[in-house]
Amino acid sequence: MIWKRSAVLRFYSVCGLLLQGSQGQFPLTQNVTVVEGGTAILTCRVDQNDNTSLQWSNPAQQTLYFDDKKALRDNRIELVRASWHELSISVSDVSLSDEGQYTCSLFTMPVKTSKAYLTVLGVPEKPQISGFSSPVMEGDLMQLTCKTSGSKPAADIRWFKNDKEIKDVKYLKEEDANRKTFTVSSTLDFRVDRSDDGVAVICRVDHESLNATPQVAMQVLEIHYTPSVKIIPSTPFPQEGQPLILTCESKGKPLPEPVLWTKDGGELPDPDRMVVSGRELNILFLNKTDNGTYRCEATNTIGQSSAEYVLIVHDVPNTLLSTTIIPSLTTATVTTTVAITTSPTTSATTSSARDPNALAGQNGPDHALIGGIVAVVVFVTLCSIFLLGRYLARHKGTYLTNEAKGAEDAPDADTAIINAEGSQVNAEEKKEYFI
């Protein structure tokens, strides 16, 4: 009886020591997130442990590992590290069914536990774009839908056109049959025009399981539209005698080929001189009869379009020759001097005019033109001399006889003559003009 009492006391004493030593022991764990198909590492650590066992169990409370001993037959579960301070295990090829709360237990008195939640991300499938049927006519309303499944949590879908994001879209999220993943779709509506031809419309799927590398789907648009036509001349100033090329630049889808050239609403008048090659109208040499309105017409399966060019053929400018400027005619100056002598004789001296035929030195290659100018100058000079001579001939001289000189105070002719001979010194000077 005494032995049994001492054994019981010793048992409670050992249990008290274990309980007292285990008060500072706590298992530590962390939540883990892994992508579906990846590998999850579950780690449980104890800072202070007096050889107490550690154990990992799954969400179904099935023991996976007890210390370094595997308890569940699952080839995907492996031991990473086992010691008195740590128990780490790995779960490879993780599936969505592996998600849940895992428990690490430290077998003290009482047992201490720590929870770690394993999150499994569902990777979205590669997106697909539907709703495009080629070709699309200009002005039609296009509706494109981008769809992806299997994402957990639900993925985000964004649209881009010409590298510019389109915000006005419709978004729909649906839960998959497994009630764990989601199917996401987005719809883009817009009216197309010719500028959309060849443009790449991109659907981009963003998700945390993709490691910042989004999945994309691309659709290149094909838009059919009527031609647009423009005529481009080879020279902006067409001149007579020169060649001219008119290029009919036409854009359309399908591409219009060939083009039709007309002039003033009818056929080209001179096919031998006006040659059509593809989209070009080549006029070999221009003349004034080519003036008119030229029309280029392009047609495809969608429609027809045309452009017009008004041709005005300009004269070839004359080459200006360098000529010498001939000075104007010099007017002759006539000076007359009258002298009074004892005899009723007068003398006059006339200055001669400069030669009007003296011309400046001749320059320039047009000798006929210069000769004509010289002839005109000579003719004008001769006419001027002739007119000047007639003017001087018609101007009569003025003079006084001896009788007139003394007749102012004489009562008769004899007295006048006597007075005139005696008073020549005091007589007034009279002017006389003669030829």
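Residues numbered from 1 in each chain as written. Predicted model: local features only at pLDDT ≥ 70, side-chain atom pairs only at ≥ 80, totals over all residues. Heavy atoms only, no water.

- An unreviewed UniProt entry lists the protein under the name Cell adhesion molecule 2, with Macaca fascicularis given as the organism.
- Of the protein, the UniProt comment under Sequence similarities (unreviewed entry) reads exactly: "Belongs to the nectin family."
- Under the UniProt heading Function (unreviewed entry), the note attached to the protein is "Adhesion molecule that engages in homo- and heterophilic interactions with the other nectin-like family members, leading to cell aggregation. Important for synapse organization, providing regulated trans-synaptic adhesion. Preferentially binds to oligodendrocytes." (UniProt positions renumbered as here; feature names shortened; annotations may be inferred.)

**Digging into the environment of glutamine 62**
Next up, step 1: Note that glutamine 62 resides in the loop between strand E4 (54-57) and strand E5 (63-66).
Next up, step 2: Apart from residues no more than four positions distant in its own chain, glutamine 62 is found in contact with Trp56, Ser57 and Leu72. (Helix = DSSP H or I, 4+ residues; strand = E, 2+ residues; numbered from the N terminus. Contact = heavy atoms within 4.5 Å.)

**Some details on the sheet that holds strand E15 (residues 164-166)**
Next up, step 1: What the four strands build is an open sheet, ordered E15-E14-E18-E19; its pairing is antiparallel. Two strands in the sheet have a free side with no partner beyond their single neighbour: E15 and strand E19 (215-220). On average, each strand axis in the sheet is inclined to that of its neighbour by 30°, with strand direction left out of account.
Next up, step 2: Inspection of the sheet shows strand E18 (residues 200-206) paired to E19 by six bridges, in the antiparallel sense. Among the inter-strand pairings, alanine 200 is bridged to a residue of E19, identified as valine 220. (Pairing = 2+ DSSP bridges. Axes fitted to C-alpha atoms, helices over the stretch in contact; angles between N-to-C directions.)

**Looking at a nonpolar patch on the surface**
Next up, step 1: The grouping of Phe66, Phe107 and Val111 at the surface amounts to a nonpolar patch, some 240 Å² of accessible area in total.
Next up, step 2: As for its position among the elements, phenylalanine 66 is in strand E5.
Next up, step 3: According to the relative accessible area criterion, phenylalanine 66 is partly exposed, its value standing at 31%. (Patch = residues over 30% accessible without salt bridge, like charges linked within 9 Å, V, L, I, M, F, W, Y side chains within 5 Å. Areas by Shrake-Rupley, 256 points an atom, 1.4 Å probe, with all protein chains shown as cover. Salt bridge = Lys/Arg side-chain N within 4 Å of Asp/Glu carboxyl O. Buried < 20%, exposed > 50% of the residue type's maximum accessible area, 1.4 Å probe, protein only.)

**Some remarks on the pattern of salt bridges**
Pairs may arise between side chains of opposite charge once their charged atoms sit close together.
Next up, step 1: Scanning all chains against the criterion turns up 21 salt bridges.
Next up, step 2: Its salt-bridge partner being arginine 158, residue glutamate 165 comes within 2.8 Å of it at the nearest N-O pair.
Next up, step 3: When salt bridges with common partners are traced through the structure, they connect Arg158, Glu165, Lys167, Arg204 and Asp206 into a single cluster.

**Looking at the side chain of threonine 52**
Next up, step 1: By the element assignment, threonine 52 lies in the loop between strand E3 (40-46) and E4.
Next up, step 2: The buried category is assigned to threonine 52, whose relative accessible area is 10%.
Next up, step 3: Engagement of the side chain of threonine 52 in a polar contact is seen with the side chain of aspartate 50, the distance being 2.8 Å.
Next up, step 4: Leave out the neighbours within four places in its chain, and threonine 52 touches Gln25, Trp84, Leu106, Phe107 and Thr108. (Polar contact = N/O pair within 3.5 Å; in protein donor to acceptor, adjacent residues only side chain to side chain.)

**A look at the packing of aromatic side chains**
Next up, step 1: Using the criterion set out here, one finds one aromatic pair in the structure.
Next up, step 2: A cation sits over an aromatic face here: lysine 112 above phenylalanine 26, 5.5 Å from the ring centre.
Next up, step 3: The cationic tip of lysine 173 hangs over the ring face of phenylalanine 182; the distance from NZ or CZ to the ring centre is 5.4 Å. (Phe/Tyr/Trp six-rings, centres within 6.5 Å; stacked < 30°, edge-to-face > 60°. Lys NZ or Arg CZ within 6 Å of the ring centre and 35° of its normal.)

**Examining the sheet that holds strand E9 (residues 100-106)**
Next up, step 1: Taken in spatial order, the six strands line up as E2-E10-E9-E4-E5-E6 in an open sheet, and their pairing is mixed. Looking at strand neighbours, the two that pair on one side only are strand E2 (32-35) and strand E6 (69-70), the edges of this open sheet.

**Some points on the state of the cysteines**
Next up, step 1: Scanning the entire structure with this criterion turns up three disulfides.
Next up, step 2: Covalently, cysteine 44 is tied to cysteine 104 through a disulfide, its sulfur atoms 1.9 Å apart. Because the torsion about its S-S bond is -75°, the bridge between cysteine 44 and cysteine 104 counts as left-handed. Residue cysteine 44 is found in strand E3, and its partner cysteine 104 is found in strand E9; the two are separated by 60 residues along the sequence.
Next up, step 3: Judged by relative accessible area, which is 0%, cysteine 104 ranks as buried.
Next up, step 4: A disulfide bridge connects cysteine 146 with cysteine 203, and the sulfur atoms are separated by 1.7 Å. An S-S torsion of about -70° defines the bridge between cysteine 146 and cysteine 203 as left-handed. Placement of cysteine 146 in strand E13 (residues 141-151) and of cysteine 203 in strand E18 is noted, with a sequence separation of 57 residues between them. No difference in accessibility class separates cysteine 146 from cysteine 203, as the two residues are buried.
Next up, step 5: In the protein, the bonded cysteines, taken in the order they occur along the sequence, pair up as 1-2, 3-4, 5-6. (Disulfide = S-S within 2.5 Å.)

**A look at the confidence of the model for the protein**
Any segment with low pLDDT has predicted coordinates that should not be analysed in fine detail.
Next up, step 1: With 74% of its residues at a pLDDT of 70 or more, the protein shows a mean pLDDT of 80.
Next up, step 2: Low pLDDT (under 50) marks residues 1-22, which in the prediction has five contacts with non-local residues, meaning those over four places away or in another chain.
Next up, step 3: Contacts from residues 321-365, a stretch scored under 50 in pLDDT, to residues over four places away or in other chains number 57 contacts. (pLDDT = per-residue confidence, 0-100.)

**Details of the nonpolar core**
Next up, step 1: Leu54, Trp56, Ile89 and Leu118 are the most contacted members of the largest nonpolar core, which has 22 residues in total.
Next up, step 2: Breaking this core down by element, the ones donating at least two residues are E2, E3, E4, E5, strand E8 (86-91), E9 and strand E10 (112-121).
Next up, step 3: Take this core: its biggest share by element is four residues, from E3.
Next up, step 4: Of all hydrophobic cores here, the second largest spans 19 residues; its members include Leu246, Cys248, Leu268 and Tyr309. (Core = buried A, V, L, I, M, F, W, Y, C linked by side-chain atoms within 4.5 Å.)

**Considerations on unusual backbone geometry**
Next up, step 1: Lysine 152 connects to proline 153 through a cis peptide bond whose omega is -5°.
Next up, step 2: By the element assignment, proline 153 lies in the loop between E13 and strand E14 (156-161).
Next up, step 3: A cis amide bond, omega -5°, links glutamate 257 with the succeeding residue proline 258.
Next up, step 4: In this structure, arginine 179 is a non-glycine residue whose phi angle is positive, near 60°.
Next up, step 5: Along the chain, arginine 179 turns up in the loop between strand E16 (170-175) and strand E17 (182-191).

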